Amino acid sequence: MSGETGFLAPHAGMAGIAEARLSAANLAHNLSVLRSHAPVRHMAMVKADGYGHGLEGTAAHVVAAGADWLGVATLAEALDLRHRAKIVDTPILAVFFVPHQIQQLREAIAADVDVSVAGIEQLEAVAEAARVEGRRARVHWKVDTGITRGGAVESQWPGMAERLRRYVDSGDIETVALWSHFARAEEGDVDANTHQKRAFARAWEVAGAAGLSIPMRHFANSAAILVHPDAHFDMVRPGIALYGSNPVSGHNADFRPTMELRSHVSLVKRVPRGAGVGYGHIYRLAQDTTTALVPLGYADGIPRSSSGQAHVLLRDKVRPIIGRVSMDQVVVDCGDDTVAAGDPVVFFGAGTDAPGPDDWARWSGTIANEIFTGIGSRVPRRWVD
Ligand SMILES: *Cc1c(COP(=O)(O)O)cnc(C)c1O
């Protein structure tokens, strides 16, 4: 792969079956593109093992690139960032927990992790953990403005605002932010988005009316950063765009891939016309061909649902995977070309000719987020620049 794309040449010392090569330069580039769209604070979302790139390395690199905050899903992820990755100066938000996680909540509050509350039970749990810990918990109040997933529904807002203010007065809680999340951000000006923005404005008024003074608001994920400048507020929360996938099809933002997934040919053979390939013989050869076996399968995150669609880059040519994707391997049709065991195979990545994660998403009926987060634990992650 060329230097221009941020990935280095193959490393002679690496002798694994496969690896995910990760580009810190491209991660930093993507953050700067996002910053040019939203000149506000950026909470880099590194949940789900840094979208499959590895939690600690991703967090360290994105903080080095200037991310102001980090966002994760669980308290355990947040505690890993504080204690294992030793990220102590960057604010971290954990977006959910279940109320019985009192011990972890206490640890999170002690470690200066911000928590999100979306209902009364969660608020009570945080306040209790803060009291036991003898510290003020940093809370982001999440309101459901129309996604009908997390967040407090509108009928709860006045009651929750009142309760929050009492906990602020008693010193158990500091309200850091009001926040919400779009359901259809990438669709632009549809009614659903107008409704969500209006609801968010009402929640802000409810908070003010209850005497809560909240320093920050945040709403926008990657897609909303590109298409909803009126929802940038004080901070945005990019995820998938940091990792180089364009969240708005047709938008010409210059995001660069941060992950290249590659393996090597393990076996080459000449196979006669008429042979059935792989489980179920869903594919039968129309002519004699050379097949290359590559030891990555659905256990490594190559979706089984991509069978019959997917392609890889091998010896400068994009070639089809034939037959079913197995748990640990796939078969590539090389026609009459010369290929050899040991040849590198790029599943997706940075080369201009290689398929991208968005191609894999299309072949598998999913989104790039699921491709990245599905890369299995057998694949070592390696930052190459
Ligand atoms: C994952 C997540 C994001 C990032 O979403 P992308 O679409 O990947 O940019 C933002 N906010 C919250 C709360 C999230 O959970």
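Cut-offs and rules
- Residues numbered from 1 in each chain as written.
- Predicted model: local features only at pLDDT ≥ 70, side-chain atom pairs only at ≥ 80, totals over all residues.
- Heavy atoms only, no water.
- Domains from an automatic or database assignment.
- Contact = heavy atoms within 4.5 Å.
- Buried area = accessible area lost by both parts, 1.4 Å probe.
- Salt bridge = Lys/Arg side-chain N within 4 Å of Asp/Glu carboxyl O.
- Polar contact = N/O pair within 3.5 Å; in protein donor to acceptor, adjacent residues only side chain to side chain.
- Helix = DSSP H or I, 4+ residues; strand = E, 2+ residues; numbered from the N terminus.
- Nonpolar A, V, L, I, M, F, W, Y, C, P; charged D, E, K, R; others polar.
- Buried < 20%, exposed > 50% of the residue type's maximum accessible area, 1.4 Å probe, protein only.
- Pairing = 2+ DSSP bridges.
- Near = heavy atom within 4 Å.
- Areas by Shrake-Rupley, 256 points an atom, 1.4 Å probe, with all protein chains shown as cover.
- Axes fitted to C-alpha atoms, helices over the stretch in contact; angles between N-to-C directions.
- Parallel < 35°, antiparallel > 145°, perpendicular 65-115°, else oblique.
- Left-handed = near helix turned anticlockwise from the far one by under 90°.
- Phe/Tyr/Trp six-rings, centres within 6.5 Å; stacked < 30°, edge-to-face > 60°.
- Lys NZ or Arg CZ within 6 Å of the ring centre and 35° of its normal.

## A look at the domain arrangement of the chain
The figure often quoted for interface size is the accessible area lost as the parts come together.
And then number 1: Parsing the chain into structural domains produces domain 1 (24-243) and domain 2 (259-384).
And then number 2: The interface is formed by 11 residues belonging to domain 1 together with seven residues belonging to domain 2.
And then number 3: Of the roughly 880 Å² buried at the junction of domain 1 and domain 2 (both faces included), carbon and sulfur atoms supply 66%.
And then number 4: On the domain 1 side of the interface with domain 2, the three residues burying the most area are Gly52, His53 and Ile240, jointly 50% of the side's total.
And then number 5: Where domain 1 packs against domain 2, one counts zero salt bridges.
And then number 6: If you look at where domain 1 meets domain 2, you find one residue pair in polar contact (both at pLDDT 80 or more).
And then number 7: Every element with two or more residues in the side of domain 1 that touches domain 2 is listed here: α1 (24-37), α2 (47-51) and α3 (55-64).
And then number 8: Broken down by element, the side of domain 1 that touches domain 2 gets its largest block of residues, three residues, from α3.
And then number 9: Looking at the side of domain 1 that touches domain 2 residue by residue, the classes come out as six nonpolar, five polar and no charged.

## A look at the pattern of salt bridges
Side-chain pairs of opposite charge can arise where the charged atoms are in close proximity.
And then number 1: As enumerated under the stated definition, the model contains 24 salt bridges in all.
And then number 2: Between Glu133 and Arg106 there is a salt bridge, with its nearest N and O atoms 2.8 Å apart. Note that Glu133 is positioned in helix α6 (residues 120-133) and Arg106 in helix α5 (residues 102-110), a separation of 27 residues in sequence.
And then number 3: Judged by its relative accessible area of 27%, Arg106 is partly exposed.
And then number 4: Put simply, Arg165 and Glu162 hold a salt bridge, and the shortest N to O gap is 2.5 Å. Highlighted residues: Arg165 and Glu162, both in helix α7 (residues 157-170), separated by three residues, approximately one helical turn.

## Notes on the pairing of strand β15 (residues 311-314)
And then number 1: Here β15 pairs with strand β16 (residues 317-322) via four bridges, running antiparallel. Along β16, the bridge assignment pairs Leu313 with Val318.
And then number 2: Between β15 and β16, which pair antiparallel and follow one another directly, the connecting turn spans two residues, one of which, Arg315, has a positive phi of 45°.
And then number 3: Note: β15 against strand β18 (residues 344-348), two bridges, orientation antiparallel. Paired with Leu314 across the two strands is Val345, which belongs to β18.

## Regarding the site of the ligand
And then number 1: Close to the ligand lie Met45, Lys47, Tyr51, Trp179, His181, Asn221, Ser222, Arg237, Pro238, Gly239, Ile240 and Asn369, which account for all nearby residues.
And then number 2: Within the contact set of the ligand, an oxygen atom lies 2.5 Å away from a side-chain nitrogen or oxygen of Lys47.
And then number 3: Within the side chain of Tyr51, one N or O atom sits 2.6 Å away from an oxygen atom of the ligand.
And then number 4: Compared with its free state, where it exposes 380 Å², the ligand has 90% of that area covered by protein.
And then number 5: A per-class count over the shell around the ligand returns five nonpolar, five polar and two charged.

## What to know about the side chain of Thr175
And then number 1: Checked against the element boundaries, Thr175 lands in strand β7 (residues 173-179).
And then number 2: Once residues within four sequence positions are removed from consideration, Thr175 is found in contact with Val139, Leu164, Val168, Leu212, Ser213, Ile214 and Pro215.

## So, the side chain of His140
And then number 1: Structurally, His140 can be placed in strand β6 (residues 137-142).
And then number 2: A polar side-chain atom of His140 sits 2.8 Å from a polar atom in the side chain of Asp114.
And then number 3: Once you skip the residues sitting within four places of it in the chain, His140 turns out to touch Trp69, Leu93, Asp114, Val115, Ser116, Val117, Val176, Ala177, Trp179 and His218.

## Some words on the packing of α7 against helix α8 (residues 191-209)
For any two helices packed against each other, the geometry is given by the interaxial angle and the distance between the axes.
And then number 1: As a packed pair, α7 and α8 sit with axes 9 Å apart at the nearest point and diverge in direction by 40°. If you check the angle between α7 and α8, you find them oblique. As α7 runs across α8, the sense of the crossing is right-handed. Between α7 and α8, the residues in contact are Trp157, Pro158 and Ala161 and Ala199, Arg202, Ala203, Val206 and Ala207, respectively.

## What about the packing of aromatic side chains?
And then number 1: Taken as a whole and assessed by the stated rule, the structure comprises seven aromatic pairs.
And then number 2: Centroid distance Tyr51 to Tyr243: 4.6 Å. Interplanar angle 20°. Geometry classified as stacked. Of this pair, Tyr51 sits in helix α2 while Tyr243 sits in the loop between β9 (235-236) and β10 (259-264); the two residues are 192 residues apart in sequence, bridging distant segments of the chain.
And then number 3: Residue class for Tyr243 comes out buried when judged on its relative accessible area of 0%.
And then number 4: Note that Arg217 overlies the ring of Trp204, its terminal NZ or CZ placed 4.0 Å from the centroid.

## Overview of the pairing of strand β3 (residues 69-72)
And then number 1: Burial along β3 is two-sided: Trp69 and Gly71 facing one way and Leu70 and Val72 facing the other are all buried.
And then number 2: Pairing geometry for strand β2 (residues 41-45) and β3, over three bridges, is parallel. Looking at β3, one finds that Met43 is bridged to Trp69.
And then number 3: Sheet analysis places β3 next to strand β4 (residues 92-94), joined by three bridges and oriented parallel. For Val72, the partnering residue across the bridge sits in β4 and is Ala94.

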